[in-house]
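Now for the letters of each chain:
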Amino acid sequence: MEQSELFDVVVVGGGPVGLAAAYEIAKAGGKVITLEENNFFNHSGTSGGLARVFQTLYGDGLMTKLAKTSMKHWDDLEHEAGVSLRSMTGMLCFGEKDAMISPLENLDKLDMKYTKLTAAEIEHDYPFKNLDPQWVGLFAPDNGIINVQLLVRTLYLLAKNLGAQAEQHTQVKKIRPSHNNNSNWEIDVTTYGRRATYFTKKIIITSGAGINSILRPSFGISLDLETRQIVTTYFNADKTADGTVFPSTWLHPNLVANKRPLVLYGMPPLPWGPPDIERVVVEGTQTIDKPNTIQARGPISREIEDANKFIRDHITGIDDTIPPSTMSRSKPNLFDDALVLDFLPKQYLHEGAEKSIVIFAAGWAMKLVPLLGKSLAQMILEGESEFAHNAFSITRKNPRTGKGIISEEDKVHDG
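Please read these numbers as outputs of a predicted model, since none were measured by experiment.

The rules we used
Residues numbered from 1 in each chain as written. Predicted model: local features only at pLDDT ≥ 70, side-chain atom pairs only at ≥ 80, totals over all residues. Heavy atoms only, no water. Axes fitted to C-alpha atoms, helices over the stretch in contact; angles between N-to-C directions. Helix = DSSP H or I, 4+ residues; strand = E, 2+ residues; numbered from the N terminus. Parallel < 35°, antiparallel > 145°, perpendicular 65-115°, else oblique. Left-handed = near helix turned anticlockwise from the far one by under 90°. Contact = heavy atoms within 4.5 Å. Nonpolar A, V, L, I, M, F, W, Y, C, P; charged D, E, K, R; others polar. Pairing = 2+ DSSP bridges. Buried < 20%, exposed > 50% of the residue type's maximum accessible area, 1.4 Å probe, protein only.

A.B. asks: Looking at this structure, how should I read the packing of helix 1 (residues 16–27) against helix 8 (residues 369–382)?
C.D. replies: Helix-helix packing is characterised by the crossing angle of the two axes and by the distance between the axes. Interaxial distance between helix 1 and helix 8 falls to 7 Å at its minimum, and their mutual angle equals 55°. One way to sum up the angle between helix 1 and helix 8 is to call them oblique. Regarding helix 1 and helix 8, the two cross each other, and that crossing is right-handed. Side by side, helix 1 and helix 8 meet where P16, V17, A20, A21, E24, I25 and K27 of the first sit next to V369, L372, G373, K374, L376, A377, I380 and L381 of the second. Taken together, the residues of the contact of helix 1 with helix 8 sort by class into 11 nonpolar, one polar and three charged.

A.B. asks: Got a minute to help me understand the packing of helix 2 (residues 61–81) against helix 8 in this structure?
C.D. replies: For the pair helix 2 and helix 8, the least separation of the axes is 7 Å and the interaxial angle reads 90°. As far as their axial angle goes, helix 8 and helix 2 are roughly perpendicular. When helix 2 is examined against helix 8, the residues L66, T69, S70, H73, W74 and L77 are found in contact with a partner set consisting of V369, P370, L371 and K374. Broken down by class, the residue content of the contact of helix 2 with helix 8 amounts to six nonpolar, three polar and one charged.

A.B. asks: Would you mind going over the pairing of strand 8 (residues 144–147) with me for this structure?
C.D. replies: The side chains of a regular strand alternate between the sheet's two faces. With four bridges joining them, strand 3 (residues 51–54) and strand 8 adopt antiparallel strand pairing. Directly across from A51, in strand 8, lies its bridge partner N147. When strand 4 (residues 86–87) meets strand 8, the two strands line up antiparallel, connected through two bridges. Bridge pairing in strand 8 links R86 to I146.

A.B. asks: Sorry, what's going on with the side chain of N106 here?
C.D. replies: Secondary-structure assignment places N106 in helix 3 (residues 97–109). Each residue touching N106, except ones within four places of it in the same chain, is listed here: Y58, G59, D60, G61 and T64.

A.B. asks: Explain the pairing of strand 14 (residues 226–237) here, please?
C.D. replies: Across the 12 residues of strand 14, 10 count as buried, placing the element largely inside the fold. Two strands pair when backbone bridges link them, and strand 14 and strand 19 (residues 325–333) are joined in this way by nine bridges, in the antiparallel orientation. Looking at the pairing, T227 lines up with P332 of strand 19. As paired elements, strand 14 and strand 18 (residues 318–319) share two bridges and run antiparallel to each other.

A.B. asks: Help me understand the sheet that holds strand 3, please; the structure alone is not making it clear to me.
C.D. replies: Two modes of strand pairing occur in sheets, parallel and antiparallel, and in both the strands are linked by backbone hydrogen bonds. Spatially, 3-8-4 is the arrangement adopted by the three strands of the open sheet, whose pairing is antiparallel. For this open sheet the edge positions go to strand 3 and strand 4, each flanked by a neighbour on one side alone. Each of strand 3 and strand 8 touches helix 5 (residues 148–161); the most contacted strand, strand 8, lies at about 50° to it.

These figures capture arrangement, not role.
Given below as structure tokens:
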């Protein structure tokens, strides 16, 4: 089956970034469709779960700057939607003093507000205990919690209200230059098991951990991704205990548990989630062999054990015995933990039009969704964006190994 209409842009991937791009393209008057291989609003991809942290506390100055810049885009999106998509609780980041130096310097450079705290002050204001007296903290008020599922639904509806189309359970099999016009593209898909072909002038690919399943058959390349497993646990809070509920989100980087480097972060009970449930997330180093799968109980249990131990040792008023809810999701990463936001290089386009395919992949992007949507729309419609930094180039190389992100088909590291 062939779809006879020609789109200005096809967006592959119906997560927050893909839907934000489709919305911005529709706002600009473009004819756009989003293709999602699962159902929309699913929890199996990188955007699964109830919440993400909106964060400006970074050691990376560029990410701090982009997070600050994105605030206006979040405000604009919430104004256009007529709904609040964030709960701005502020964020506490605490740990070794050296780990706080770069975030503090970056906040100073951008003239952003923060408060310094000692370990004793953290224990006074938060339900933490037995913290290392040498630890210090930074509290930044311009941080908070993103309502992920409301964000996805809002972007979906805003785009559709402007005429954007959307198809779910549509798996892209191959992208190729059009037989009739090399300036256009044909996208072969299966939808509920039926074959179909979409025609478009340009393409944005935002398909998360499964991006290589599109790039490999279409362009003979893959991105050298490592897909990690992120475990989120929700614990029962005893509201009768003094100071049980966290007053803000919090982040504890560079924790070493069982000889494994980890990052722990948490947040108060969600206004849109179950009552009296505290969220603790373990960002571990466990990798996933197959990017569209979640590992069995072993790795998950190990990560929960790390979270439980931290709770027992350092948090009061939370029952760590049996988490009422545990979720696991995949997250694709590159060697530098940064994004890919770039055009597919000319040499891989098989004589297709230059600057006609944009790739978004990897990185910690939820806090940047409205900004990324605008950036992708600018790139695909205008050929450039001020936010497409060299740091996000698809051709950048690992300075330690000299190896690039792109792997040729016969040299692919399956990520």
